[in-house]
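# Examining the three-dimensional arrangement
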Amino acid sequence: MIKTDILIIGAGPTGLFTVFEAGLLKLKCHLIDALPQPGGQCSELYLKKPIYDIPGFPEILAGDLTANLLEQGKQFQPGFTLGERAETIEKQEDGSFIVTTNKGTKHHAPIIAIAGGLGSFEPRKPKLEGIEKYEDKGVAYFIKDPEVYRDKKVVIAGGGDSALDWSIFLADVASEVTLVHRRNEFRGALDSVEKVQELKVLNKINLITPAEITALHGDNHLEGVSVTKDGNTEFIEADEFIPLFGLSPKLGPIGDWGLEIEKNAIKVDTLDYQTNIPGIYAIGDVNTYEGKLKLILCGFHEATLMCQSAYKRLNPGKKFVLKYTTVSGINGFDGSRKESPKAVVKAIV
Ligand SMILES: Cc1cc2nc3c(=O)[nH]c(=O)nc-3n(C[C@H](O)[C@H](O)[C@H](O)COP(=O)(O)OP(=O)(O)OC[C@H]3O[C@@H](n4cnc5c(N)ncnc54)[C@H](O)[C@@H]3O)c2cc1C
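This one's a predicted model, so the numbers in the text were calculated from it and none came from an experiment.

Take the site of the ligand next. Around the ligand, the surrounding shell holds 29 residues, and the nearest of these are D33, Q41, Y46, D53 and A86. At 2.7 Å, a side-chain N or O of D33 approaches an oxygen atom of the ligand. Y46 has a polar side-chain atom sitting 2.5 Å from an oxygen atom of the ligand. Isolated, the ligand exposes 1,000 Å² of accessible area, and the fraction of that covered by the protein chains is 87%. For the shell around the ligand, the secondary-structure elements that each account for two or more residues are α1 (13-24) and β3 (29-33). Broken down by class, the residue content of the shell around the ligand amounts to 14 nonpolar, nine polar and six charged.

Take the nonpolar core next. Core analysis: the biggest nonpolar cluster contains 55 residues, and I6, V99, I112, I114, W257 and M306 have the highest contact counts within it. In terms of residue count, helix α7 (residues 296-314) provides more of this core than any other element does, seven residues in total. Excluding its chain neighbours within four sequence positions, the residues that come into contact with M306 are I6, T18, I111, A113, D272, Y281 and I283. Membership of the second largest hydrophobic core comes to 23 residues, among which are I143, I168, L170 and V196.

Criteria and thresholds
Residues numbered from 1 in each chain as written. Predicted model: local features only at pLDDT ≥ 70, side-chain atom pairs only at ≥ 80, totals over all residues. Heavy atoms only, no water. Near = heavy atom within 4 Å. Polar contact = N/O pair within 3.5 Å; in protein donor to acceptor, adjacent residues only side chain to side chain. Areas by Shrake-Rupley, 256 points an atom, 1.4 Å probe, with all protein chains shown as cover. Helix = DSSP H or I, 4+ residues; strand = E, 2+ residues; numbered from the N terminus. Nonpolar A, V, L, I, M, F, W, Y, C, P; charged D, E, K, R; others polar. Core = buried A, V, L, I, M, F, W, Y, C linked by side-chain atoms within 4.5 Å. Buried < 20%, exposed > 50% of the residue type's maximum accessible area, 1.4 Å probe, protein only. Contact = heavy atoms within 4.5 Å.

In structure tokens, the structure reads:
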């Protein structure tokens, strides 16, 4: 049985920052994530893309943000159960919880912080005969490492931001990029649409609209796709096919934990992001309240307030005084103490 003060379900940016904020309050954290690596959407969906709206970072790659968050939390020695999905929760008589994963690992904590984001990642797959046969053999629904596509012939399908952004990015990596969309209009940022049009003129992206991929070809690995436009079908050579039709958000087993759910998200109050079950909080993309914004910085804010509330729950009656890290430093569990140097004020005579 793994014991901790705060059990965090989801090691995305919100869960990772919770470790730091809890650590400042001397609360120990353990994280569970269904994915084999921490970082949530940042690692799984856009590892190599720059983010521009993290305070204090004019530009930071999603992968670097994850690495920084891990570094920042490291001093508080969080535990990790990776590659396992939190499956069931049992409330104990003393009000604490036992969470068990799909692999049977048990975790015991008085506080649960659900930072499950979109839940388990379920890509919307196109209805193409035999597509499963090509998965990881030329068909992928996420781009984990763009280098996989270097000097390859790549076909991307979709009309949203992901399809546009990856077509732009891979235009400099792949030997050939074809973007296929069933409409002439795209549902993405205007500058991305304009960039794709610009790259089309430069012959760096082969744009086919309105069209659809109607068949996949190849023996042991994908060798090509059929594209149908205006009733005519043509064969296009392809080493890789990446359908980017979005993710269908699935809360997964957490949806059966007796929490109040609204539109696939967990309802919380905005005082401390607690759910309808006392002691269970929901922070980051996984929660919903009036005015909710699914942004990383909002997850950070929610994590901070949630930790304060958890501290008060665990230490009833204890007076809490907010301290700045610049004043009190960071006092790690390992006994190491990092303090900002004290100013020496001399009397003026
Ligand atoms: C392409 C793209 C670009 C984006 N760009 C920006 C941007 O520029 N700026 C910005 O602020 N935001 C951006 N976002 C949104 C941002 O990524 C999310 O707001 C952020 O990732 C939410 O963090 P989170 O930790 O709450 O959830 P997530 O990052 O979704 O992490 C949740 C984690 O919980 C895990 N999990 C879920 N259920 C379980 C379970 N039952 N058991 C175990 N683990 C579980 C999942 O595996 C996942 O790793 C972007 C998103 C995408 C897809």
